[in-house]
Structures are given as C-alpha cells and as structure tokens.
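Take a look at the letters that make up each chain.
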Amino acid sequence: MRPPGSLRRRPPQGLPLRTITPNALTALALCSGLTGVRFAIGDVNGANWQLAVVMILVASALDGVDGQVARMLRGTSRFGAELDSLSDAISFGVAPALILYLWSLTNSPKFGWACALLFAVFCALRLARFNAAIDATEQPRKSAGYMTGIPAPAGAISAMLPMYLWFITGDNLFRSPWVVAPWVAFVAVLMVSSVATFGWSSMRLRRRIRFEALVVIVGIGAALISAPWPTLVVICVVYLTTIPFSVAGYARIKRLRANMSVAPSA
C-alpha cells in the first residue's frame, strides 16, 4: 500500500466551462447579426425590417456582455479577442450595411452600394486598428478611459437612425437613398476617425447618486421595451452630441499630462 504522500492527484481533464461561455456569447452575437440580414432579405411575405433591426440590437447587447463575462470568469484569451473582432466586423459592419442597402440604398444602386461598402470596410478597418494596438504598452486614450472613434456597435446602431425615424413616422423621406447614404458615410467616417469618444471607464458616478443612476437605467430599459424606436432616436442623438464633450475632455487630460511631464524638468 502506498503511503498517502506518494499519491498524486490527476490533473483535471478537458476545458473548464468558463473558457467557452464568453466565446459562445460572441458566436450568438454573430448568429444574431446574420439573422438580421435574413429578415432583411425576406420571404414570400416580404422583408421584416423591424426584426432585422432587432437582431442587430440583440447582437450589440451580447457583444456588450461577452467581454464582461470573460473577465468575470477569467476566461479571456487571444482566440476570444480575435473571434470577437471577426464577429463585430460581420454583425456591425457587413450586416447593417446589407440591411440598409436592401431597405433604401438599392434605389440608388451605384452610389448606395458605394456607401454600404464604405461602412462595412471602415468598420473592418476600425477593428483592425484596435487589434493592432491591443498589445501596445502605451495607450494614452485607453488609460484615460477614452476610445478612438465610435465603437462598432455604436456605429451600427447610429447608422440605422433613419430606419427608426421611418418606423415612427412612415415618411419615405427617411428612406430616400439621398438621405440615408450620406448619413451612413458620415457614421462610417466617425468609426475610423481619431476623435476621442467616451468609454465605460471614463464614466464615473458619485456615490451619492448611485440610486438615481439605477433609476435612470431602469427607465431607459422600460422605454426601450414600451417605445423602442423613439427611445433609440433619443439615445443616438444624445450619444452623438456627447462627442464634442469627449473631445474636449480628452484634450484637457492631454494638457494636464503634458504639464505634469514638463513640471519636473522646470
């Protein structure tokens, strides 16, 4: 009989579930984005534009939680990061571009398709830039809680703003390719721009207003359920109007850092 000290515990077999869960959420986001294209293509009864948009919104919600779940479960990996970028390129670049083209831009095939391509390619370029900098030791904007350009999910949601307005009013002006195409191109440029935009870590709440912030979040959730399209219009407008403030905020932080680096040598 072997002494107790000589017994060795077998290493656990297989992969822990925590390493698969975040990647499963990312894959579900990809499936949701592609399903949005399926609803846009339609069937014998025609396209279901609202469901197409809802699928993109579901993909953005899943994209927002997969990273948090990965960090919470300590399941982050380089494979997960690459899968997340590929999923984002399709769900927030290719899928919205095709939905918008089939909904409106097909009425001006050459100009409309050029703008749809611009959006999809610029989304991919933004994600490639993000991946190229993921291992950089110095990321001034990230360390300050800011992002470079608007993120891909925000770009997809903002690009579909004319669709929300069309759902609300039924006015074909919002479906005109001469309105939709310039707007899509504008959002595409914002994605690859170098403007500083607010990130989650740059938004800090005072301890005294924690309850009030929770009330606001619940109110937004209730509004999205009861009146999704007007709420999305408000969210898009508010988000885009914060960009000048984020640019000014980062410029102030940049000046403070420059002054701090100069001060010791003075």
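That block above? That's the structure.
These numbers were taken from a predicted model, which means no experiment stands behind them.

Chemist: Would you mind going over the overall build of the protein with me for this structure?
Modeler: On a plain count of helices and strands, the protein comes out with 11 helices and two strands. Traced from its N-terminal end to its C-terminal end, the protein shows the element sequence α-α-α-α-α-β-α-α-α-β-α-α-α. The 266 residues of the protein split such that 37% are buried. Long-range contacts, defined as pairs at least 24 residues apart, comprise 81% of the intrachain contacts of the protein with a sequence gap of at least 6. Carbon and sulfur atoms make up 68% of the accessible area of the protein, which amounts to about 16,100 Å² in all.

Chemist: Where do I start with the nonpolar core in this structure?
Modeler: Proteins that are soluble and globular tend to have nonpolar side chains buried together. By size, the foremost hydrophobic cluster in this structure holds 53 residues, and its most contacted members are Trp-49, Val-53, Leu-100, Phe-119, Met-163 and Tyr-164. Those elements that place two or more of their residues in this core are helix 1 (21–41), helix 2 (49–72), helix 3 (78–103), helix 4 (109–132), helix 6 (152–159), helix 7 (161–169), helix 8 (177–192) and helix 10 (228–241).

Chemist: Help me out: how do you make sense of the environment of Ala-52 in this one?
Modeler: Looking at the element boundaries, Ala-52 is found in helix 2. As for Ala-52 and Thr-35, which are separated by 17 residues in sequence, their C-alpha atoms are 7.3 Å apart.

Chemist: Where do I start with the packing of helix 4 against helix 6 in this structure?
Modeler: For any two helices packed against each other, the geometry is given by the interaxial angle and the distance between the axes. It is the contact of helix 4 with helix 6, at a shortest axis distance of 10 Å, that shows an interaxial angle of 160°. Taken together, helix 4 and helix 6 sit at an angle that is classed as roughly antiparallel. Here helix 4 runs over helix 6; the crossing is right-handed. Only Ala-152, Gly-155, Ala-156 and Ala-159 of helix 6 make contact with helix 4, whose side of the interface consists of Phe-119, Cys-123, Arg-126 and Leu-127. For the contact of helix 4 with helix 6, the class distribution of residues is six nonpolar, one polar and one charged.

Chemist: Just checking my understanding: could you explain the packing of aromatic side chains for this structure?
Modeler: A ring pair, where both rings are aromatic, is described by two values, the distance of the centres and the angle of the planes. Applying the stated criterion across every chain yields a total of nine aromatic pairs. What links up through ring pairs into an aromatic cluster is the set Trp-103, Tyr-164, Trp-166, Phe-167 and Trp-229. Above the plane of the ring of Trp-166 lies Arg-175, whose end atom (NZ or CZ) is 4.8 Å from the centre.

Chemist: I keep staring at the packing of helix 2 against helix 6 and nothing clicks. Help me out?
Modeler: Put simply, helix 2 and helix 6 touch, their axes get as near as 10 Å, and they point 160° apart. Between helix 2 and helix 6, the angle falls in the class roughly antiparallel. At the point where helix 2 passes helix 6, the crossing takes the left-handed sense. For the pair helix 2 and helix 6, the contacting residues are Ile-56, Leu-57, Ser-60 and Asp-63 in the first and Pro-153, Ala-156 and Ile-157 in the second. When its residues are assigned to classes, the contact of helix 2 with helix 6 shows five nonpolar, one polar and one charged.

Chemist: Before we go on, may I ask you to explain the environment of Thr-21 in this structure?
Modeler: One can find Thr-21 in helix 1. Judged by relative accessible area, which is 28%, Thr-21 ranks as partly exposed. Thr-21 sits 45 residues away from Asp-66 along the chain, and the two C-alpha atoms are 8.2 Å apart.

Chemist: When you look at helix 1 in this model, what are you seeing that I'm missing?
Modeler: Taking 1.5 Å per residue, 21 residues should reach 30 Å; helix 1 reaches 31 Å between its end C-alpha atoms and fits that length. Of the positions making up helix 1, those classed as buried are Pro-22, Asn-23, Leu-25, Thr-26, Ala-29, Ser-32, Gly-33, Gly-36, Val-37 and Ala-40. Contact partners of the buried residues in helix 1: helix 2 and helix 3. In the segment just after helix 1, Gly-42 is the residue with positive phi, at about 80°.

Chemist: What exactly am I supposed to notice about the side chain of Asn-131 here?
Modeler: Relative to the assigned elements, Asn-131 resides in helix 4. According to the relative accessible area criterion, Asn-131 is buried, its value standing at 17%. In terms of polar contacts, Asn-131 uses its side chain to reach the side chain of Ser-85, at 2.9 Å. Each residue touching Asn-131, except ones within four places of it in the same chain, is listed here: Arg-78, Glu-82 and Ser-85.

Chemist: What should I look at first to understand helix 10 in this one?
Modeler: Structurally, the α-helix is built with 3.6 residues per turn, so residues lying three or four positions apart point the same way. In this model helix 10 runs 20 Å from its N-terminal to its C-terminal C-alpha over 14 residues, within 8% of the 20 Å that 1.5 Å per residue would give. Considered for burial, the residues of helix 10 that qualify are Trp-229, Thr-231, Leu-232, Val-233, Cys-236 and Leu-240.

Chemist: Can you help me understand a nonpolar patch on the surface in this one?
Modeler: Residues Val-216, Ile-220, Leu-224 and Ile-235 make up a contiguous nonpolar surface patch of about 300 Å² in total accessible area. The leading source of residues in the nonpolar patch is helix 9 (residues 210–226), at three residues.

Chemist: Would you mind showing me how to read the environment of Val-69 here?
Modeler: The residue Val-69 is located in helix 2 in this model. Separated by 48 residues in the primary sequence, Val-69 and Thr-21 have C-alpha atoms spaced 7.8 Å apart. Residues within four places of Val-69 in sequence aside, it is in contact with Thr-21, Pro-22 and Leu-25.

Rules and cut-offs
Residues numbered from 1 in each chain as written. Predicted model: local features only at pLDDT ≥ 70, side-chain atom pairs only at ≥ 80, totals over all residues. Heavy atoms only, no water. Helix = DSSP H or I, 4+ residues; strand = E, 2+ residues; numbered from the N terminus. Buried < 20%, exposed > 50% of the residue type's maximum accessible area, 1.4 Å probe, protein only. Contact = heavy atoms within 4.5 Å. Areas by Shrake-Rupley, 256 points an atom, 1.4 Å probe, with all protein chains shown as cover. Core = buried A, V, L, I, M, F, W, Y, C linked by side-chain atoms within 4.5 Å. Axes fitted to C-alpha atoms, helices over the stretch in contact; angles between N-to-C directions. Parallel < 35°, antiparallel > 145°, perpendicular 65-115°, else oblique. Left-handed = near helix turned anticlockwise from the far one by under 90°. Nonpolar A, V, L, I, M, F, W, Y, C, P; charged D, E, K, R; others polar. Phe/Tyr/Trp six-rings, centres within 6.5 Å; stacked < 30°, edge-to-face > 60°. Lys NZ or Arg CZ within 6 Å of the ring centre and 35° of its normal. Expected span 1.5 Å × (residues − 1). Polar contact = N/O pair within 3.5 Å; in protein donor to acceptor, adjacent residues only side chain to side chain. Patch = residues over 30% accessible without salt bridge, like charges linked within 9 Å, V, L, I, M, F, W, Y side chains within 5 Å. Salt bridge = Lys/Arg side-chain N within 4 Å of Asp/Glu carboxyl O.

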